[in-house]
Amino acid sequence: MASTDPQRATRDLSRQLHQAAYPGSEPAWIEERVATAEARIGRAMLARPSTAEGARRLSDVVLNHAAPRRRTTRQRIVLGAGLGAVAVVAAVLGITERRWVAEAAISTIGITGLLAAAAVAITGMVASVVRARRERVLSCRVRIDAPFGVDVGETVRLESEHHAVADPGVVVVRIKNTGGAPLRQEDYVSPLSLYFPGRTVVSVDATEFEPAVLERVLTGLGEAGIERDRVKLPAVPLQPGDSFKLVIVLSGTKPGTNHQVVVEGGLRGGRITTRQGREKIRPETLAWGGLAALCAGAFAVVLLLNNVTPFAKLPEGVVCASGALSVEGSTAFSRATTALAGSYGAYCPEASVKVRTPGSREGLERLVAAGKNGTEQLALSDGRFDDPQFRELVAEPLAIVPFTLVAGADVPIGALSADDARRIFTGAAHTWSDITHNPRDTGAIRVVGRSTDSGTRQALEKYVLGGHPGTPVQQAAPTSDSCREPRQGAPPGSPTVCEQGSTGDLLDRVANLDGAIGYASVSDVDQADGVKKITLDGREGTFADIREHGYPFWTVEYVYSLAGSEPGSLASAFKNFLFTPESHSALAAFRFYTCADDAGPLCLRR
């Protein structure tokens, strides 16, 4: 039903509009808004606004319709195919060329490139965040776009003094500075305007100013411009967070029709959007952040590859070879050899290095036998053995091995002269009083020595008992198997002398026998319990005493290999590993002094 009183109909309809748009508002405030809207509707009808169809539109470069650009289906397919191809290539390389990829990743160039990419990605992400915070963003969000409510079958017309308003509707728009920078009048490339295709603007009302002072600013700038189907706003200066609402009455809002509201305008160095607030994370920030995360993950993988075989970067001089190898020989070098074999196996998991220590001579004999049946083998010997059967072997000096005399904790001495040491190990002295000249030291001297296959014994006989390499003196012949009781048939009054096959057995005997004395490497004695080192002529088995004070009880550890060993064999690779800086560090921990360092001139003497 049409109203018979146009002015009353206008007021009633305006009141309904404001009550629907601002529920809960004070009646006095509603009536004030109704009066203002009624006056503006009247002025609009009298002005007979011209159409905007012929008005000049801004170019697409200037216009900024805030709706986000969406990729087309074709763009999605191309992007997906490209990413899929990259993933497939990466997977194929990772499977088929994993060693090459790993080595490239852990190389200096690979790590440098990865760090550079990470730095670029982080810089880009930070720059994107900073740029987003400083960007000028004006939000123009349509909150309500609806016709006035009517009963089914009725037609509502709003009439002013001169013109009827058919199919009235209301649009409520919230305008807010959601950017991080203030908006000045000069920042508007083109003013903000709202275009309502197919509808006619009847009136525009601004309200809900935040802050309230914004109402005076808008009043001072003049009323919004109405061009039939458009509302053009002045260039309103807004601080970050400032906002206000527009209530726009239109004709031509037919129920059930999906009407459009097009936002037009442009900002210098910014954009106009229809989103409610500031974007939490911009797409470009996500892209840079994703690249930074990818670089961080790749760097973590590189760190993992640096500590996981078989991708760990090999130390200087280390070359891996596959197969099985047996290293045999010196018991004095046993712990060091086992440690080095373990290190090589950690770097080269396809290699199996087994260590056996039957003694220096037996190790050389087994190497000679291996040469006849083609087995890969190496031998370690305390010094050289002048035996014709070993002449075909290749000997290379590895390190100085210092030895020391060792005695049980109950032995009444802590030092010996070279002459007293000769008397003890040749059997000339039977009781400790023969050495200390104390009649109360009546305990028997129990000599615990090594067998004739031992390189340690050879060093004792050459450099301590003989006093000169060219005139070795034999250790006393064994007279006991248990190191306690004499053998059956041993001459009465003979010294107690027994022999052990390994350094470990010797130290165990010395620690558990009364009055026992023997000899072993300084490294092994330092690790043993219940024994003590005996100095020789006031000197110990240190490198300084060997080099500067002539401490005699030491030898050179030699690595023996078969002549003509293949360069790429495991025997050749492990032998070379023994001469690397990595091995030198390990040997130093065992108190062995490598011939490649300051001990080189000393190694040439023996």
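Above this note sits the structure.
Just so you know, these numbers come straight off a predicted model, no measurement behind them.

Each value, and the rule that gives it
- Residues numbered from 1 in each chain as written.
- Predicted model: local features only at pLDDT ≥ 70, side-chain atom pairs only at ≥ 80, totals over all residues.
- Heavy atoms only, no water.
- Helix = DSSP H or I, 4+ residues; strand = E, 2+ residues; numbered from the N terminus.
- Buried < 20%, exposed > 50% of the residue type's maximum accessible area, 1.4 Å probe, protein only.
- Contact = heavy atoms within 4.5 Å.
- Areas by Shrake-Rupley, 256 points an atom, 1.4 Å probe, with all protein chains shown as cover.
- Arc of directions from axis to C-beta.
- Phe/Tyr/Trp six-rings, centres within 6.5 Å; stacked < 30°, edge-to-face > 60°.
- Salt bridge = Lys/Arg side-chain N within 4 Å of Asp/Glu carboxyl O.

Let us now look at the overall build of the protein. Each helix and strand counted, the protein has 18 helices and 22 strands in total. Here the protein holds 606 residues, and the buried ones make up 42% of them. Residue pairs at least 24 apart in sequence account for 79% of intrachain contacts in the protein once pairs closer than 6 positions are excluded. Accessible area of the protein: about 30800 Å², with a carbon and sulfur share of 53%.

Inspection of helix α17 (residues 581-589) places S583, H584 and L587 among the buried residues, and these make up the whole buried set. When α17 is viewed along its axis, its buried side chains cluster within an angular range of 105° and face the same direction. Those residues of α17 that are exposed and aimed more than 90 degrees away from the buried face are S585 and A589. Where α17 is buried, its residues contact α8 (334-347), β15 (393-408), α16 (570-577) and β22 (593-594).

Counted by the stated rule, this structure contains 11 aromatic pairs. When the centroid spacing of 5.2 Å and the interplanar angle of 40° are considered together, the rings of F403 and F553 count as tilted. Within this pair, whereas F403 is found in strand β15, its partner F553 is found in the loop between α15 (543-549) and β21 (554-562), the two being separated by 150 residues in sequence. Here the two residues F403 and F553 agree in accessibility, since each one is buried. Ring geometry for Y519 versus F553: centroids 6.3 Å apart, planes at 65°, classification edge-to-face. On the criterion of sequence distance, the pair formed by Y519 in strand β19 (residues 516-521) and F553 in the loop between α15 and β21 is long-range, its members being 34 residues apart.

Counting across every chain of the model gives 26 salt bridges. Across the pair R184 and E186 runs a salt bridge whose closest N-O atoms are separated by 3.8 Å. Overall, R184 belongs to the partly exposed group, its relative accessible area being 41%. As a salt-bridge pair, R423 and D420 come within 3.5 Å of each other at their nearest N and O atoms. In this pair, R423 and D420 are both assigned in helix α10 (residues 418-425), three residues apart and thus about one turn of the helix distant. By relative accessible area, which is 29% here, R423 ends up partly exposed. For D420, a relative accessible area of 18% corresponds to the buried category. Beyond isolated ion pairs, a larger network of salt bridges with shared partners links R136, R184, E186 and D187.

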